[in-house]
Amino acid sequence: MLYCGAQFVPGALRAGNAYIQSMESLDEDARLMLRYRDGDADAFSALYARHKGPLYRYLLRQVRNAGAAADLFQEVWSRLIATRSRYEARAKFATYLFHIAHNCTMDFFRRDLRLHQHAASDAAHEHQISEPEVPEYQRPDAMAEFAEQRSALLASLHALPQEQREAFLLHEESGLTIEEIARVTQVGVETAKSRLRYAVRKLKKSLASREIIDAAPLRPQRV
Amino acid sequence: MYPPDDLDEYLRGDSALSCQYRRELAPTPPPALDARVLELSRPPGPYAARAAGGNAPCLAPLAFAASVLLSVALVLAIVFGPQRPKRSDDAPRVVRIAYSGDSKLARSPRAWLADIAALRRAGHNREADEELRRFRSAYPGYSIGDIP
């Protein structure tokens, strides 16, 4: 089921003063999405340019496989495109987009788990298991594609539990607040807060031990 | 338990951790993927727009109206449409059908016997015999007297 953080309420507030007032309170992304919903294809291009980078990095660092990330990236945008006629802006657009991304990622992990369970079952039947199965995206050959990203920080990020890694990525890549992270991941606010706190604490601890945190200036805003 | 200010400091956005993360490589989707998604966002026609849940007008009412219009036009064409010009001999005519009933109803017994006699005189004995047989079967009680 798709997220209703942006509230799919067919027919609601489509005309009149209420609609105008709601438009005034919307963020720019939501306005673009509404324009795209109403047939303005150029609005999608602008929306895509704003969010493609954060979404791609969120997916890539979640599944840690460039091919799977590309597939998921396309799937997320395809779902957004397919359901655009039901879009109603009631919250920040990023929560809507990243909730779709969260659902796609969870589906991916479930499929991946089933795939490897079947593979392990078949292998056990043939008495050929010689070492524990690991997900495909964690095998050394697949990891090679991330060589360029092998920084201490990303290594520590990848070592986090998936829920904590996701909370960190949602905040860093899309600037979501704890409340918005909770809505995207469909957990309570305290749970989201706890996950982010643990992620931050572990990353800081890991990086402090490697002494890589310095006072370098911020890079310009990424896209 | 961790001190609460760890998270608060991080959420302010200027923590060393955030700075470090933003210095990392920032991969973006490959151009081919960009092109694919942008292509998906632009349905090529009304059918694709409908499949994608877009705002293209629904064609069902138009299709229904066209069907009704064609049906009415077809009925009117059959009932009131142009017809062949009538010919003078198209009027109902009595069909004359040659009577092919028994010869006993076509001829009187006397005439039939006269015909048999004529056949006999002409030397067509076999035909005369055949006609006589048919006469007797048609008029079994008829006295033929000195009929040949």
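Residues numbered from 1 in each chain as written. Chains lettered and ligands numbered in written order. Predicted model: local features only at pLDDT ≥ 70, side-chain atom pairs only at ≥ 80, totals over all residues. Heavy atoms only, no water.

Participant: Looking at this structure, how should I read the overall build of chain A?
Facilitator: A tally of regular secondary structure across chain A gives ten helices and zero strands. Ordering the α and β elements of chain A from the N terminus gives α-α-α-α-α-α-α-α-α-α. Restricting the contact set of chain A to residue pairs at least 6 apart, pairs at least 24 apart contribute 70%. For chain A, the computed accessible surface area is about 10,600 Å², with 52% contributed by carbon and sulfur atoms. (Helix = DSSP H or I, 4+ residues; strand = E, 2+ residues; numbered from the N terminus. Contact = heavy atoms within 4.5 Å. Areas by Shrake-Rupley, 256 points an atom, 1.4 Å probe, with all protein chains shown as cover.)

Participant: Teacher, can you tell me more about the overall build of chain B here?
Facilitator: Of regular secondary structure, chain B possesses eight helices and zero strands. Of the regular secondary structure in chain B, the N- to C-terminal order runs α-α-α-α-α-α-α-α. In chain B, which comprises 148 residues, the proportion classed as buried is 22%. Carbon and sulfur atoms make up 61% of the accessible area of chain B, which totals about 11,100 Å². (Buried < 20%, exposed > 50% of the residue type's maximum accessible area, 1.4 Å probe, protein only.)

Participant: Just checking my understanding: could you explain the packing of aromatic side chains for this structure?
Facilitator: Each aromatic ring pair is specified by the distance between its two centres and by the angle formed by the two planes. Residues and elements named next belong to chain A. Going through the model one piece at a time under the given rule, you end up with 19 aromatic pairs over all chains. The interplanar angle of 85° and the centroid separation of 5.8 Å between the aromatic rings of Y56 and F73 together place this pair among those described as edge-to-face. Taken together, the residues Y56 in helix α3 (residues 41-63) and F73 in helix α4 (residues 66-82) connect sequence positions 17 residues apart. F73 carries the same exposure label as Y56, and that label is buried. Three or more aromatic residues link up through ring pairs in this structure, and these residues are Y36, F44, Y48, Y56, F73 and W77. (Phe/Tyr/Trp six-rings, centres within 6.5 Å; stacked < 30°, edge-to-face > 60°.)

Participant: What is the right way to look at the interface of chain B and chain A in this model?
Facilitator: How big an interface is tends to be stated in terms of accessible area lost as the parts join. Contacts between chain B and chain A engage 36 residues on the former and 55 residues on the latter. Where chain B abuts chain A, roughly 4,300 Å² becomes buried across the two surfaces, and 61% of that area is made up of carbon and sulfur atoms. At the boundary of chain B with chain A, the tally comes to four salt bridges. Notably, a salt bridge pairs D34 of chain B with K52 of chain A, separated by 3.0 Å at the nearest N-O pair. There are twelve residue pairs in polar contact (both at pLDDT 80 or more) connecting chain B and chain A. Elements with a minimum of two residues in the side of chain B that touches chain A: α1 (4-11), α2 (16-23) and α3 (31-40) of chain B. Element by element, the count of residues in the side of chain B that touches chain A is highest for α2 of chain B, at eight residues. Taken together, the residues that form the side of chain B that touches chain A break down as 21 nonpolar, seven polar and eight charged. (Buried area = accessible area lost by both parts, 1.4 Å probe. Salt bridge = Lys/Arg side-chain N within 4 Å of Asp/Glu carboxyl O. Polar contact = N/O pair within 3.5 Å; in protein donor to acceptor, adjacent residues only side chain to side chain. Nonpolar A, V, L, I, M, F, W, Y, C, P; charged D, E, K, R; others polar.)

Participant: Quick question: what am I supposed to make of the pattern of salt bridges here?
Facilitator: Side chains that differ in sign of charge can pair as their charged atoms come close. Inspection of every chain in the model, using the stated rule, returns 18 salt bridges over all chains. For the salt bridge of R133 of chain B with E130 of chain B, the shortest nitrogen-to-oxygen distance reads 2.5 Å. Highlighted residues: R133 of chain B and E130 of chain B, both in helix α8 (residues 125-138), separated by three residues, approximately one helical turn. A single salt-bridge network, built from bridges that share partners, covers E75, R79, D107 and R110 of chain A.

Participant: Help me understand the confidence of the model for chain A, please; the structure alone is not making it clear to me.
Facilitator: Reading fine detail from the predicted coordinates is not recommended where pLDDT is low. For chain A, per-residue confidence averages 78 on the pLDDT scale, and residues scoring 70 or more make up 68% of the total. Predicted confidence is poor over residues 127-134 of chain A, with pLDDT under 50, and the contacts of this stretch with residues over four places away or in other chains come to eight contacts. (pLDDT = per-residue confidence, 0-100.)

Participant: How should I be thinking about unusual backbone geometry in this particular structure?
Facilitator: Generally, phi is negative for residues other than glycine and the peptide bonds are trans, each holding for most cases. Residues and elements named next belong to chain A. Not every positive phi belongs to a glycine, and R64 is a case in point at roughly 60°. Residue placement: R64 occurs in the loop between α3 and α4. Although it is not a glycine, Q186 adopts a positive phi angle of roughly 60°. Here Q186 is to be found in the loop between α9 (178-185) and α10 (189-210).

Participant: Please explain the nonpolar core as it appears in this structure.
Facilitator: Across soluble globular proteins, nonpolar side chains have a tendency to be buried as a group. Core analysis: the largest hydrophobic core is formed by 63 residues, its most contacted members being L55, L59, F73, W77, L80, F168 and L196 of chain A. In this view, F168 of chain A contacts L157, L196, A199 and L203 of chain A together with Y10, L17 and Y21 of chain B; residues no more than four positions away in its chain are not counted. Counting residues in hydrophobic clusters, the runner-up holds eight residues, among them W112, L113, F135 and Y139 of chain B. (Core = buried A, V, L, I, M, F, W, Y, C linked by side-chain atoms within 4.5 Å.)

Participant: Can you walk me through the packing of α3 of chain A against α4 of chain A in this structure?
Facilitator: Two quantities define a packed helix pair, namely the angle between the axes and the distance from one axis to the other. Residue and element names in this part refer to chain A. Direction vectors running N to C along α3 and α4 enclose 140°, while the axes themselves pass 9 Å from each other. In terms of axis orientation, α3 runs oblique to α4. Two packed elements cross with a definite hand, and for α3 against α4 that hand is right-handed. Contact with α3, carried on its side by F44, L47, Y48, H51, K52, L55, Y56, L59, L60 and V63, involves A66, A68, A69, L72, F73, V76, W77, L80 and I81 of α4 and no other residues of that element. Here the residues of the contact of α3 with α4 are counted per class, giving 17 nonpolar, one polar and one charged. (Axes fitted to C-alpha atoms, helices over the stretch in contact; angles between N-to-C directions. Parallel < 35°, antiparallel > 145°, perpendicular 65-115°, else oblique. Left-handed = near helix turned anticlockwise from the far one by under 90°.)

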